[in-house]
Amino acid sequence: MTPRATTPPTSPADDERLRRWRLVLGGDAADGTGRALTGRDAAIDAALGALYGRPDGDGRDRSGGLGASAPSVARWLGDIRTYFPSSVVQVMQRDAIDRLGLSALLLEPEMLQAVEADIHLVGTLLSLNEAMPEATRETARAVVRKVVDDLERRLASRTRAVIGGALDRSARVRRPRHQDIDWNRTIAANLKNYLPEHRTVVPERLVGYGRGARAAGKDVILCVDQSGSMAASVVYASVFGAVLASMRAVSTRLVVFDTAVVDLTDALDDPVDVLFGTKLGGGTDINRALAYCRGRITRPADTVLVLISDLYEGGIRDGMLKQVAAMRGAGAQVVVLLALSDEGTPAYDREHAAALGALGVPAFACTPDLFPEVMAAAIERRPVPAPPPA
C-alpha cells in the first residue's frame, strides 16, 4: 500500500523566511507564499502598501494610498514610526514626498510635528520656504534647528580641533619656545650650516609653530551653489560656516548664489538664519559668484576659497576659469567641492572639473567627516586629501 503524501513540517526559520518574503512581495493573494498576514505584520504591510503599492496585473490597486488627506498622512507617519527604525522612517518619508507629491502637506504645522527630521527634510522645507505660510514658519524653523543642532554636536568639536591645529602650525614664529619648534622646517632652513666633521646642522635660525591666539589668521570664503540639487551641501556648509566663524583665528565669509549672489556672512552666528536666507532652486552663475568673492579678497596669501558646486555653469564658462586662475595667481588657495554631503559621487560637469584640474585645482565630492582635513590641508598649503577621480 502506497503511503499518502504529507506536507513536510516547516521549521521556525522557514516560517520567518516566508513571512519576510510575504512582506517583500506584498500581494493580496500572498504571492504564492501561502502565508497570510495578521496583527502587527498586517499593519506593517498596509503601511508599506500605502507608499509602494502598484497596480496588479488586472489593474486593481493593491492599496488606496495616502491620498491628499492630511489626517490620513499623519496617521501613516505615526504608523511607520511605530514599526520601523528612524533610519528607515527617514527613507520612507523622502519616498513619500517624491512619489506621492506630499510637499504641499509639509506646509501644515501638524504635519511638520509628525515627521522625522533629517537633512533631506530640511532641504525640502528650504525649497518650500517662499510658499510657506506664516503659521508654519516657526514650526519649520524648529524642525530645521533640531537637525542643525544635531549636526553641530556631531561636527563642531572635531572641526575646531583639526582646523585649530592647522592654524597653529601655519603661523610661524622666529623665536619659538622649545616645545613649539618645527624641527623639519628648522633643519631645512639651516642645511647650509651643516658641519660634515660633526655630522650635524647648526641651527642659526629656529622656525616654530605659532599659537592660535597669536596667529596671523586666515580668511576663509565659502562660496555655495544653492541650486536645487545642492540642498544637503547648503545645510552642511551653513553648519561649518558657523563653526569656522566661532574661531577667533579665522575670518569667515559665506556667499550663496544661483543667478544672483547673496552674502550671508552677517547671519553666520545662527546657521538656521543662514538656511532661511537661502533660496534653493533656479539657475547658476558661478562666474558671477567667484567675481564677487574675488573682490572681497584682501590677503590672497592667507585666503582659502572653497567653491561648493556641481559646476553646471549657466554663466560664462571661460569667465569662471579666469576667476579661479586669477585667484590662484594672486596666491589664494582654491578648493572645489562637487558636493558636501553624505551621498555618493554626485552628478557634475566633468568638462569643467577637468578644466579646473588643469589649473591645479582638484574638484571632488567631500563628506562632512572629511571636510576638516580638507580645510586643514588648504590652510597649511598641503595637497588636499582628494579621493581618486571616479
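Below: a short report on this structure. The model shown is predicted, which means the values in this text are computed figures rather than measured ones.

### Some thoughts on the packing of helix 6 (residues 119-127) against helix 9 (residues 231-245)
Point 1. Contact geometry for helix 6 and helix 9: axes closest at 9 Å, N-to-C directions at 100 degrees. With respect to their mutual orientation, helix 6 and helix 9 come out roughly perpendicular. In this structure, helix 6 uses Ile119, Val122, Gly123 and Leu126 to contact helix 9, whose residues at the interface are Ala231, Ala232, Val235 and Tyr236.

### Some thoughts on unusual backbone geometry
Point 1. One non-glycine residue, leucine 311, lies in the positive phi region at around 70 degrees.
Point 2. Structurally, the position occupied by leucine 311 is in the loop between strand 8 (303-308) and helix 12 (317-330).
Point 3. Leucine 311 sits in the buried class, given a relative accessible area of 0%.
Point 4. The backbone of arginine 381 sits at a positive phi, close to 60 degrees, despite the residue not being glycine.
Point 5. Relative to the assigned elements, arginine 381 resides in the segment after helix 14 (371-379).
Point 6. The class for arginine 381 is partly exposed, based on a relative accessible area of 41%.

### Notes on the sheet that holds strand 5 (residues 218-225)
Point 1. With mixed pairing, the six strands of this open sheet are ordered in space as 7-6-5-8-9-10. Of all the strands in the sheet, just strand 7 (261-263) and strand 10 (363-366) have a single pairing partner and so form its edges. Sheet twist, expressed as the mean angle between neighbouring strand axes with direction ignored, is 25 degrees.
Point 2. Bridge count for strand 6 (residues 250-257) against strand 7 is three bridges, and the pairing is antiparallel. Counterpart to valine 256 in the pairing with strand 7 is valine 262.
Point 3. Lying over the sheet, helix 11 (residues 286-295) contacts strand 5, strand 6, strand 7 and strand 8, oriented at roughly 155 degrees with respect to strand 6.

The rules we used
- Residues numbered from 1 in each chain as written.
- Predicted model: local features only at pLDDT ≥ 70, side-chain atom pairs only at ≥ 80, totals over all residues.
- Heavy atoms only, no water.
- Axes fitted to C-alpha atoms, helices over the stretch in contact; angles between N-to-C directions.
- Helix = DSSP H or I, 4+ residues; strand = E, 2+ residues; numbered from the N terminus.
- Parallel < 35°, antiparallel > 145°, perpendicular 65-115°, else oblique.
- Contact = heavy atoms within 4.5 Å.
- Buried < 20%, exposed > 50% of the residue type's maximum accessible area, 1.4 Å probe, protein only.
- Pairing = 2+ DSSP bridges.

Everything listed here is a matter of geometry and, on its own, says nothing about what the molecule does.
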